[in-house]
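Chain residues, written in single-letter form:
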Amino acid sequence: MFTGIVQGLCEVIALDDEPNLKRLRIDAGALAKQAALGASVAVNGTCLTITRINANGNVLSFDVISETLALTNLGSLVPGDLVNVERSYRVGDEVGGHIVSGHVTSTVTVARIEEAENTRNIYFSVPSQWLKYLPYKGFVALDGASLTIASSDPLASTISVSLIPETIARTTLGRLVVGDRVNLEVDSQTQAVVDTVERLLDSPDWRARLTA
């Protein structure tokens, strides 16, 4: 479990092909301190398990299976790329964003970027089936960063977020260009509420109660 507060931008060292998976290696620097094999780390919002730590203690390795490669943007990484990294939440830590599982829902594509002094507004094209979970002012995690939805347009199948200078400087979102793919995780509580209401409204018994 994570909080959507990116703790560092870390460099990709390698993405090596292995049988039925790819092995991702990143230089986590100080974020690797006290890391242990088997620990969970969010990389671009994707929950991964540490499988190796180099002798110097700064390079972390993760085995990325085909399902994860298909559903996220991790498969397109190349050495030198920067990724958002967050260590897992510990009980008692401050929850500065919102609860994020690291289970990526889908990828979205950067459709438009508007930039002005001290702000960056990014519009994303979203697969239509996920828009009902992305309301105006709701939570969303994009490449693992917890953000507030600034606009949601079901007709255009887009959402937007507005970034402050801190987010621009400290996350991959400040480096995005039109056409880039970004990992999306919808807020699990929002999804649970929407799905529950839809099931109730589809129930003949419940509809009968509403009209009684």
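If you're wondering where the values come from, they're calculated on a predicted model, not measured in any experiment. (Residues numbered from 1 in each chain as written. Predicted model: local features only at pLDDT ≥ 70, side-chain atom pairs only at ≥ 80, totals over all residues. Heavy atoms only, no water.)

Draft legend 1. Main features of the packing of aromatic side chains. Per the counting criterion, the structure on display carries one aromatic pair. Aromatic pair Trp 130 and Tyr 133: ring centres 6.1 Å apart, planes at 40°, arrangement tilted. Judged by its relative accessible area of 5%, Tyr 133 is buried. Sitting above the plane of the Tyr 123 ring, Arg 112 keeps its charged end 3.8 Å from the centroid. (Phe/Tyr/Trp six-rings, centres within 6.5 Å; stacked < 30°, edge-to-face > 60°. Buried < 20%, exposed > 50% of the residue type's maximum accessible area, 1.4 Å probe, protein only. Lys NZ or Arg CZ within 6 Å of the ring centre and 35° of its normal.)

Draft legend 2. Broad picture of the environment of Tyr 133. With respect to the helices and strands, the residue Tyr 133 is situated in the loop between strand E8 (119-125) and strand E9 (139-142). C-alpha separation for the pair Tyr 133 and Leu 176, spaced 43 residues apart in sequence, amounts to 23 Å. If we ignore the near neighbours within four places in the chain, the residues touching Tyr 133 are Val 186, Thr 190, Gln 191, Val 194 and Asp 195. Side-chain polar atoms of Tyr 133 contact the side chain of Asp 195, separated by 2.5 Å. (Helix = DSSP H or I, 4+ residues; strand = E, 2+ residues; numbered from the N terminus. Contact = heavy atoms within 4.5 Å. Polar contact = N/O pair within 3.5 Å; in protein donor to acceptor, adjacent residues only side chain to side chain.)

Draft legend 3. Seen up close, the side chain of Asn 121. If you trace the backbone, Asn 121 turns up in strand E8. Of note is the side chain of Asn 121, whose polar atom sits 2.7 Å from the side chain of Ser 162. Ignoring sequence-local partners within four residues, the contact set of Asn 121 consists of Arg 112, Ile 113, Glu 114, Val 161 and Ser 162.

Draft legend 4. Quick peek at the pairing of strand E10 (residues 145-153). Summarising the sheet, E9 and E10 pair through four bridges and their orientation is antiparallel. What sits directly across from Phe 139, in E10, is Thr 148. Here E9 hands over to E10 after two residues, with Asp 143 in that stretch at a positive phi of 50°. By the bridge criterion, four bridges tie E10 to strand E11 (residues 158-163) in an arrangement that is antiparallel. Paired with Ser 151 across the bridge in E11 is Ser 160. (Pairing = 2+ DSSP bridges.)

Draft legend 5. Structural context of the pattern of salt bridges. In the structure shown here, the tally under the stated rule is eight salt bridges. The partner of Arg 23 in a salt bridge is Glu 18, with the nearest N and O atoms 3.3 Å apart. Exposure remark for Arg 23: the relative accessible area of 14% places this residue in the buried category. A relative accessible area of 33% places Glu 18 in the partly exposed class. (Salt bridge = Lys/Arg side-chain N within 4 Å of Asp/Glu carboxyl O.)

Draft legend 6. Region of the structure containing unusual backbone geometry. Phi angles above zero are rare outside glycine, and Asn 44 is one such case at about 50°. When you line up the elements, Asn 44 lands in the loop between strand E3 (40-43) and strand E4 (46-53). On the accessibility criterion, Asn 44 (3% relative accessible area) is buried. In the Ramachandran plot, Asn 118 falls in the positive-phi region, its phi being about 70° despite a non-glycine side chain. Among the secondary structure elements, Asn 118 is positioned in the loop between strand E7 (106-116) and E8. With a relative accessible area of 55%, Asn 118 lands in the exposed category.

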